[in-house]
Amino acid sequence: FMDITEHKQFESELRNRESRLRRQAATLTELARCHELLDGNPESFFRKLVQTAAETLGVERVGIWLYTSGKDRIVCHECYHLSTGERSRGAELPVSSNPTYFDELDSARFIDADDALQDARTRDFADTYLKPLGITAMLDAPIRRKGQTVGVLCHEHCGGGPRNWQPDEKAYAASLADLAAMVLEAADRVRAEADRERLARAVTQSHEAMMITDVSGKILYVNPAFERITGYSPRETLGRNPRILKSGEHDAAFYEKMWATLRSGRVWKGRMVNRRKDGTLFHADEVITPIRNEEGEIVNYVAVCRDITRELHLEQQLMQAVKLESVGRMAGGIAHDFNNLLTTILGFAQLIVDMSDPKSPIYNEAREILRAAERGAELTRQLLTLSKSRLTQIRPLDINAVVRNMHQLLRRTLGEDIELVTVLGEDIGSVRANETLLEQVIINLAVNARDAMPGGGKLSIETLAVELDERFCAQRIGVRPGRYVRLRLTDTGQGIPPEILAHVFEPFYTTKEKGRGSGLGLTTVYSIVKQLSGYIEIQSQPGRGTTVDIYLPVVPEEPEAQVEIVESRGALSRGNETVLVVEDEDTVRHLTVRMLRSLGYHVLEA
Ligand SMILES: Nc1ncnc2c1ncn2[C@@H]1O[C@H](COP(=O)(O)OP(=O)(O)OP(=O)(O)O)[C@@H](O)[C@H]1O
Ligand SMILES: [Mg+2]
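Residues numbered from 1 in each chain as written. Chains lettered and ligands numbered in written order. Predicted model: local features only at pLDDT ≥ 70, side-chain atom pairs only at ≥ 80, totals over all residues. Heavy atoms only, no water.

Structural notes on the pairing of strand β6 (residues 137–145)
At step 1: Of all 9 residues in β6, 8 are buried; the element is thus mostly enclosed.
At step 2: Here strand β5 (residues 111–113) runs beside β6; their pairing, made up of 3 bridges, is antiparallel. By the bridge assignment, Ile111 is partnered in β6 with Asp140.
At step 3: Bridge count for β6 against strand β7 (residues 148–157) is 9 bridges, and the pairing is antiparallel. What sits directly across from Asp140, in β7, is Cys154. (Buried < 20%, exposed > 50% of the residue type's maximum accessible area, 1.4 Å probe, protein only. Helix = DSSP H or I, 4+ residues; strand = E, 2+ residues; numbered from the N terminus. Pairing = 2+ DSSP bridges.)

Here is the structure:
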């Protein structure tokens, strides 16, 4: 016979190993498929993993340890105790406590210390770690990412003696460690995806236009705000050069300087004028940043741009309003002084005329003085319109009636070659105004239109009831939402280039030859409109005619009492009553006294 003990032993060992392998394979597959791994949730995956490992291999303690970021300590993230089913975490070991072990961990596939208290790699842990916990054998598999050891999966046998780790057990431990590495990888990927999504949401929803180009300037990405501001869709921009936005407002040196800054790796900040797809220009506050890769090379440029056209426009309007206000006040002040002087000149000249013989040379000379002084007075009167101190009669007024009454006058002013069309809106309500002031406005605008159409054309005057909303008013300075009457004059004249348009309201600004225009027309119009709490706006382009819009607030329905008084002068009357003259300006008082006396009055001076 033969001894089959050995054979039997071998057979049962084989069967054992087979069932172990089957179990190992099944648990590995199960772990590899679980959602915690795919979702990148290390915490709960580690819980499953250490328990599975302990149960499959029959090891008392299985733990996952990860290095701290400085790699000077290793911390237990999850540990399962097989006999009690307990879990623990948070234990820490300094790397310096066992350099041999940690060095080995960096290069070996596993550390299989059958007798941990004797093994050269683990025995330094004996007094501080192994003995206190009763650990006698260790099977440790490093967890590696991108070739770097980031932690370790520790199987700690507490059986009172050594344990002979089997090859299949070692392979299994190594596979589990790989799964642990995978879940860390997945967690990073999920985090990166969330970051990317957040970033993408921020960029796509950003109010500011963003554009990413490669180093040659080829556009790789534009966000929705870019399309909103420029009018170009991504399809029309990708692969092209930002040159498509060039406005022609900057010279070659401007762009060269910008590129030089960028190529040298510095951020470029500045304002530039760009052209939208529809041809209109916009002002942009722009920051362009060179983006570097990990090697430090510039690989992209990212441009962030804010459309500040509206802000600039409002700023200009504000500056214009402030300037006109102060210039107007100054002109009004000067005119007031001049008026006093002219009154004196006119008065004395009139006295000389009255007292001298019409045949004498002095009579004619005095008439000359009178004429010149009258022209001067006319000019100062116009200037006085600019100062608000003047007294005027303001009352609810029907603009349509004013326009209708002016028809004849306008026809005559415009001449035969200009067609006059009036379109008067219905139920436009009343505005607080003064007939003379409104006439002054319309006549000034009509004369300007006429002068802009030397070869003939068409002037249309329209009135319309309009409701100005928040959006309209947000774009403009000095107008509040509400009901208005819009008085619009449109001509088919030569139009106004932007550089001139910016100045038309300024006093004495004229493009007309000397003696033709005083440059006070629009200044007067502006100040009257302001005085009537209205708003004026001119739109014009060379060759496309000019449209002037004046908005005057509608007065509430209830019939309002008449307001304010006039400064009217009736025909000179004579009399013999006693008059007290009060006037602080000496010359004017002196003159008034003399004139009243010459008219027969008895005068007292004060
Ligand atoms: N309808 C228009 N079409 C073209 N240009 C205009 C028009 N209205 C005004 N302008 C321009 O604006 C300038 C200023 O106009 P404004 O009425 O203030 O002065 P003016 O007409 O030159 O002189 P004044 O009105 O005092 O006789 C004009 O010289 C002209 O260049
Ligand atoms: Mg004018």
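Section: the site of ligand 1
At step 1: Residues in contact with ligand 1 amount to 18 residues; listed here are only the nearest, Asn448, Thr510, Thr511, Lys512 and Ser518.
At step 2: Between ligand 1 and the protein, one listed contact pairs an oxygen atom with a side-chain N or O atom of Thr510 at 2.5 Å.
At step 3: Its free accessible area being 590 Å², ligand 1 has 91% of it covered by the protein chains.
At step 4: Sorting the residues of the shell around ligand 1 by element identifies α14 (435–452) and α17 (521–531) as the ones contributing at least two each.
At step 5: With 3 residues, the top contributor of residues to the shell around ligand 1 is α14.
At step 6: Residues of the shell around ligand 1, tallied by class, amount to 7 nonpolar, 9 polar and 2 charged. (Near = heavy atom within 4 Å. Polar contact = N/O pair within 3.5 Å; in protein donor to acceptor, adjacent residues only side chain to side chain. Areas by Shrake-Rupley, 256 points an atom, 1.4 Å probe, with all protein chains shown as cover. Nonpolar A, V, L, I, M, F, W, Y, C, P; charged D, E, K, R; others polar.)

Concerning the domain arrangement of the protein chain
At step 1: Considered domain by domain, the protein chain is made up of domain 1 (5–190), domain 2 (206–307), domain 3 (313–386), domain 4 (395–553) and domain 5 (569–606).
At step 2: Averaged C-alpha coordinates put domain 1 and domain 5 at centres separated by 119 Å. (Domains from an automatic or database assignment.)

Quick look at the nonpolar core
At step 1: Membership of the largest hydrophobic core comes to 42 residues, with the highest contact counts inside it found for Ile399, Leu459, Ile461 and Ile550.
At step 2: Looking at which element gives the most residues to this core, the answer is α14, with 7 residues.
At step 3: In this view, Ile399 contacts Ile428, Val431, Leu438, Thr463, Val485, Leu487 and Leu552; residues no more than four positions away in its chain are not counted. (Core = buried A, V, L, I, M, F, W, Y, C linked by side-chain atoms within 4.5 Å. Contact = heavy atoms within 4.5 Å.)

What about the packing of aromatic side chains?
At step 1: The final tally for this structure, using the stated rule, is 13 aromatic pairs.
At step 2: Relative to Phe125, the ring of Tyr101 has its centre 5.0 Å away and its plane inclined at 70°; by these criteria the two rings are edge-to-face. With Tyr101 in helix α4 (residues 99–107) and Phe125 in the loop between β5 and α5 (126–133), the pair connects residues that are 24 residues apart, well separated along the chain.
At step 3: Centroid distance Phe125 to Tyr129: 6.2 Å. Interplanar angle 65°. Geometry classified as edge-to-face. An identical accessibility class is assigned to Phe125 and Tyr129; each is buried.
At step 4: Taken together, the aromatic side chains of Trp65, Tyr67, Tyr101, Phe102, Phe125 and Tyr129 make up a single cluster linked through ring pairs.
At step 5: Above the ring of Tyr255, the side-chain terminus of Lys246 is found at 4.4 Å from the ring centroid.
At step 6: Its end group placed over the ring of Phe472, Arg476 keeps NZ or CZ at 3.6 Å from the ring centre. (Phe/Tyr/Trp six-rings, centres within 6.5 Å; stacked < 30°, edge-to-face > 60°. Lys NZ or Arg CZ within 6 Å of the ring centre and 35° of its normal.)

Some remarks on the sheet that holds strand β11 (residues 281–292)
At step 1: Pairing within the open sheet is antiparallel, and its 5 strands lie in the order β9-β8-β12-β11-β10. Edge positions in the open sheet fall to β9 (219–222) and β10 (268–275), since each of these has one partner strand only. Each adjacent strand pair in this sheet contributes to an overall mean axis angle of 25°, direction not counted.
At step 2: When β11 meets strand β12 (residues 298–307), the two strands line up antiparallel, connected through 9 bridges. Opposite Val287, over in β12, you have Val304 as the bridge partner. (Axes fitted to C-alpha atoms, helices over the stretch in contact; angles between N-to-C directions.)

Considerations on the environment of Thr413
At step 1: Note that Thr413 resides in helix α13 (residues 407–414).
At step 2: For Thr413, a relative accessible area of 17% translates into the label buried.
At step 3: As for Thr413 and Phe254, which are separated by 159 residues in sequence, their C-alpha atoms are 50 Å apart.
At step 4: Dropping the residues within four chain positions of it, Thr413 is found in contact with Ile443, Val447 and Arg450.
At step 5: In terms of polar contacts, Thr413 uses its side chain to reach the backbone carbonyl oxygen of Leu409, at 2.6 Å.

Regarding the pattern of salt bridges
Two side chains with opposite charge may pair up if their charged atoms get near one another.
At step 1: Inspection of every chain in the model, using the stated rule, returns 30 salt bridges.
At step 2: Residue Glu208 is joined to Arg306 by a salt bridge in which the shortest nitrogen-to-oxygen separation is 3.9 Å. Here the residue Glu208 occupies a position in the loop between α6 (167–205) and β8 (209–214), and Arg306 occupies one in strand β12, the gap between them amounting to 98 residues.
At step 3: The class of Glu208 is partly exposed, set by a relative accessible area of 28%.
At step 4: Classification of Arg306 as partly exposed rests on a relative accessible area of 31%.
At step 5: Salt bridges sharing common partners tie together Asp112, Asp119, Arg121 and Lys170. (Salt bridge = Lys/Arg side-chain N within 4 Å of Asp/Glu carboxyl O.)

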